[in-house]
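# Examination of the molecular architecture
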Amino acid sequence: MALRKLVYDGDSILLKKSRPVTAFDARLHTLLDDLRDTLIEAEGAGLAAPQVGVLRRAAIVLLPDGEFAELINPEIIASDNIEEGAEGCLSFPNIWGVVPRPLHATVRAQNRHGEFFELSGEGITARALCHEIDHLNGVVFTSLVTRFIDADEVIAMRGGGEDE
Ligand code: CO
């Protein structure tokens with residue numbers, strides 16, 4: 001188990017675009033394992049490589065069944081029904097906001113061996129998929145917030161407060 005240091009708001013790395021992953025090697029696998037360990041430790045819903053200081057297009061997202069989806073070079077290929085919902089981010093401790101996101105999103109990505117797959121998510125999962133892919137493009141959720149809210153409102157809106 002290896003934890004990586006999180007990058008926080010104010011670090012310009014969060015605003016940079018990540019480069020595609022081209023080598024599906026042991027180094028990538030270690031990064032993915034570390035992202036998972038770091039996300040579990042932080043009790044978050046998703047984590048992108050730039051949030052641990054690595055500007056590569058890799059992210060993980062917690063799925064409703066408790067498994068982690070590893071997304072390499074992910075792209076949103078379909079989405080619908082924009083809805084507003086509460087959102088947070090491990091790189092922005094104690095900040096939450098209302099962000100419009102698709103209710104459904106389908107992502108095409110590669111796995112750690114370079115094989116392509118598609119993954120669809122609904123609700124909080126669709127939100128996390130979009131949030132993590134935004135990180136790979138240097139987009140932070142605070143730039144999309146329509147209204148900042150406090151922790152009580154987060155709980156009222158979605159019954160929990162995991163951060164992406
Ligand atoms: Co985030």
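Here the structure is shown first, and the text comes after it.
Residues numbered from 1 in each chain as written. Predicted model: local features only at pLDDT ≥ 70, side-chain atom pairs only at ≥ 80, totals over all residues. Heavy atoms only, no water.

Within strand E2 (residues 58–62), 4 of the 5 residues are buried, leaving the element largely enclosed by the surrounding structure. Bridge count between strand E1 (residues 46–48) and E2: 3 bridges; the pairing is antiparallel. If you follow Leu47 over to E2, its bridge partner there is Ile60. In this structure, E2 lies alongside strand E3 (residues 68–89), joined through 5 bridges in antiparallel fashion. Residue pairing for E3: Val61 is matched across the bridge by Ala69. Linkage of E2 to E3, two consecutive antiparallel strands, is achieved through a turn of 5 residues, within which Gly66 is found at a positive phi near 90°. (Buried < 20%, exposed > 50% of the residue type's maximum accessible area, 1.4 Å probe, protein only. Helix = DSSP H or I, 4+ residues; strand = E, 2+ residues; numbered from the N terminus. Pairing = 2+ DSSP bridges.)

So, on to the pairing of strand E4 (residues 92–110). Of the strand pairs in this sheet, E3 and E4 are connected by 14 bridges, and their pairing is antiparallel. Paired with Glu87 across the bridge in E4 is Gly97. Alignment of E4 against strand E6 (residues 147–149), held across 3 bridges, turns out to be antiparallel. Looking across to E6, one finds that Trp96 is bridged to Ile149. Note that E4 and strand E5 (residues 116–122) share 7 bridges and pair antiparallel.

Right, let's get into the packing of aromatic side chains. Going through the model one piece at a time under the given rule, you end up with 1 aromatic pair. Ring centres 5.6 Å apart and planes at 85° place the aromatic pair Phe92 and Phe141 in the edge-to-face group. With Phe92 in strand E4 and Phe141 in the loop between helix H2 (124–136) and E6, this pair connects stretches of sequence that are 49 residues apart. Judged by its relative accessible area of 3%, Phe92 is buried. Residue classification places Phe141 among the buried residues on the basis of a relative accessible area of 1%. The lysine or arginine in question, Arg108, covers the ring of Phe116, its NZ or CZ lying 4.1 Å from the ring centre. (Phe/Tyr/Trp six-rings, centres within 6.5 Å; stacked < 30°, edge-to-face > 60°. Lys NZ or Arg CZ within 6 Å of the ring centre and 35° of its normal.)

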